[in-house]
Amino acid sequence: MAIQEFTLPDPGEGLVEAEIVTWHVAAGDTVDVNQVVLEIETAKSLVELPIPWAGTVASILVPEGETVEVGTPIVTIDVGGDTAPADGGAAGAADDVPGAADGGEVAAEMQTAADVAPAETGESDDEPQQKTLVGYGPTPSSSTRRARRGRGAGGGASGGGTLAAPATRGFAKQQGVDIDTVEPSREDGVVTRDDVKKAGGSNAPAAMSTPTVASSAPPAPSADTVAKAAASAPSVRPDKPTAAAPAPAGLSDERIPIKGVRKVTAQAMVSSAFTAPHVTEFLTVDMTRTMEFVRELQGMRELKDIKVTPLLVVAKACLIAMQREPMMNALWDDANGEIVMRSEVNLGIAAATDRGLLVPNVKDAGRFGLGDLGREIAKLVEIARHGKPSPAILNGGTFTISNIGVFGVDSGTPIIKPGESGILAIGTVRPMPWVVENERGEQEMVIRQIAQLSLSFDHRIIDGDVGSRYLSTVGQILENPAKAMLWG
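Because the structure is a prediction, the values reported are computed rather than measured.

Describing the overall build of the protein
From N to C terminus, the protein includes twelve helices and 21 strands. Counting over 488 residues, the protein shows a buried share of 40%. Of the contacts made within the protein by residues no fewer than 6 positions apart, 65% connect residues no fewer than 24 positions apart. Here the protein displays about 26,400 Å² of accessible surface, and carbon together with sulfur accounts for 53% of that area.

Encoded structure:
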């Protein structure tokens with residue numbers, strides 16, 4: 001048989017590592033060329049990876065939940081034929097491993113060979129070549145996989161590595177449990193948090209165990225006993241502070257690995273906050289006419305297919321104001337010492353998802369009318385929240401809107417996304433007392449629909465007068481949407 005190793009590729013994002021989220025195949029399954037076999041999570045998005053060969057899955061080398069570097073072998077495929085792998089064949093390697101069953105399955109043999117004695121796999125003229133898939137070309141990096149530590153007795157299949165998510169490994173370390181000695185309860189051999197707890201209760205060292213409260217607990221020692229023990233103990237001043245005793249089971253802190261969207265968001269926010277000098281301005285706006293306008297739009301037959309909200313009107317107001325203040329869409333190019341006046345507005349809409357904050361953007365949003373703009377926003381937000389947004393959807397934004405009002409928040413100081421020069425946050429729309437001028441020219445107090453706008457901008461590019469005029473223009477359109485016809 002001819003075995004091919006599929007290594008983790010770079011799906012066009014320049015990534016360094018990715019987490020294996022879901023395998024869609026198992027050892028023994030038949031696959032076709034370009035069939036999606038797994039899903040990975042990168043720093044920006046969820047990506048489905050197809051396989052470049054047809055054949056049978058020999059072994060899954062990396063379990064779900066593990067993060068690996070680009071170029072790491074993650075699955076082997078038996079593509080058929082009589083050509084043996086350059087490393088002498090998986091069967092030969094498996095025969096050298098204690099406990100390997102004679103005539104075992106191909107999956108078990110390949111897993112043992114990969115875990116115990118990984119070696120570089122050479123290519124012969126008779127071996128099938130990896131087909132280049134769209135967006136998933138071969139990566140010129142090492143295909144040598146670091147050997148996993150073997151399990152001890154009772155650790156599962158001999159020669160196999162311990163399969164556990166990073167969070168589970170961290171929990172085991174906190175509990176003082178050697179992860180390689182834990183017996184997995186799942187059929188796929190993955191060690192879970194419950195397995196660690198069970199092992200900690202029976203196999204943890206006495207020094208790491210934590211006493212539990214029970215009705216049969218022995219009485220506390222007397223004061224005389226404690227005093228004598230203290231007097232007989234040597235007086236030694238420790239060079240380092242003594243580590244705190246582990247917390248009782250069930251009360252320990254949870255450690256969540258920093259990866260994926262959370263990692264890239266943190267890096268972007270730190271980079272922006274300490275690179276671009278932020279200025280944030282606030283404006284309180286009477287949104288009464290905008291809310292009336294939204295209700296009128298909701299009743300129009302042409303817009304029945306979209307959910308019309310105040311956010312749509314805010315987005316259109318931002319685009320119209322951008323025409324009057326194009327510097328708000330500019331880019332500070334530090335590398336070339338230039339300010340780039342961009343011709344298109346790629347409008348980002350911040351969306352809270354289960355994976356973290358994502359900002360899909362509408363490309364060249366200024367070309368859309370109100371209805372089409374609403375459809376584009378709805379489509380991208382839906383993909384971000386419930387689908388698999390591609391890097392193209394998330395990259396290339398020039399200005400962002402954050403609707404913090406959906407959380408009942410009035411205002412904030414939003415941080416500019418790297419590569420952009422401004423971000424506008426809109427707070428919740430509330431009925432509040434407001435002073436207006438009546439028909440007789442007299443001032444009176446009435447209840448109006450009020451919201452606050454918060455605009456942060458990069459002060460390297462945007463002067464205070466430009467930012468103030470931009471925010472004022474957006475506010476005027478929201479107070480009187482008819483001005484959009486005049487200025488747009």
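Let's pick the thread back up.
Observations regarding the side chain of Thr-473
Secondary-structure assignment places Thr-473 in helix H11 (residues 464-479). Among the residues examined, Thr-473 registers a relative accessible area of 7% and is labelled buried. Leave out the neighbours within four places in its chain, and Thr-473 touches Ala-321, Arg-324 and Trp-487.

With respect to the pattern of salt bridges
Under the defined criterion, the tally for this structure stands at eleven salt bridges. Linking Glu-17 and Lys-263 is a salt bridge whose minimum nitrogen-to-oxygen distance equals 3.5 Å. With Glu-17 in strand S2 (residues 17-23) and Lys-263 in helix H6 (residues 260-273), the pair connects residues that are 246 residues apart, well separated along the chain. Accessibility expressed as a relative area gives 30% for Lys-263, which makes it partly exposed. The residue Arg-367 makes a salt bridge to Asp-364 at a minimum N-O spacing of 3.7 Å. Taken together, the shared-partner salt bridges in this structure form one network comprising Asp-305, Asp-372 and Arg-375.

Describing the packing of helix H8 (residues 310-324) against H11
Contact geometry for H8 and H11: axes closest at 9 Å, N-to-C directions at 135°. Judged by the angle between their axes, H8 and H11 are oblique. Seen along the crossing, H8 lies across H11 with a hand that is right-handed. Contacts between H8 and H11 involve Val-313, Val-314, Ala-317, Cys-318, Ile-320, Ala-321, Met-322 and Arg-324 from the first element and Tyr-470, Thr-473, Val-474, Ile-477 and Leu-478 from the second. Class assignment of the residues belonging to the contact of H8 with H11 gives a composition of eleven nonpolar, one polar and one charged.

Structural notes on the side chain of Ser-456
If you trace the backbone, Ser-456 turns up in strand S21 (residues 443-458). A residue is classified by how much of its surface remains accessible, and Ser-456, at 0% relative accessible area, is buried. A polar contact is formed between the side chain of Ser-456 and the backbone oxygen of Pro-414, at a distance of 2.7 Å. Not counting the four nearest positions on each side in its chain, Ser-456 is found in contact with His-278, Val-279, Thr-280, Thr-413, Pro-414, Ile-416, Ser-421, Gly-422 and Ile-423.

Conventions and cut-offs
Residues numbered from 1 in each chain as written. Predicted model: local features only at pLDDT ≥ 70, side-chain atom pairs only at ≥ 80, totals over all residues. Heavy atoms only, no water. Helix = DSSP H or I, 4+ residues; strand = E, 2+ residues; numbered from the N terminus. Buried < 20%, exposed > 50% of the residue type's maximum accessible area, 1.4 Å probe, protein only. Contact = heavy atoms within 4.5 Å. Areas by Shrake-Rupley, 256 points an atom, 1.4 Å probe, with all protein chains shown as cover. Salt bridge = Lys/Arg side-chain N within 4 Å of Asp/Glu carboxyl O. Axes fitted to C-alpha atoms, helices over the stretch in contact; angles between N-to-C directions. Parallel < 35°, antiparallel > 145°, perpendicular 65-115°, else oblique. Left-handed = near helix turned anticlockwise from the far one by under 90°. Nonpolar A, V, L, I, M, F, W, Y, C, P; charged D, E, K, R; others polar. Polar contact = N/O pair within 3.5 Å; in protein donor to acceptor, adjacent residues only side chain to side chain.

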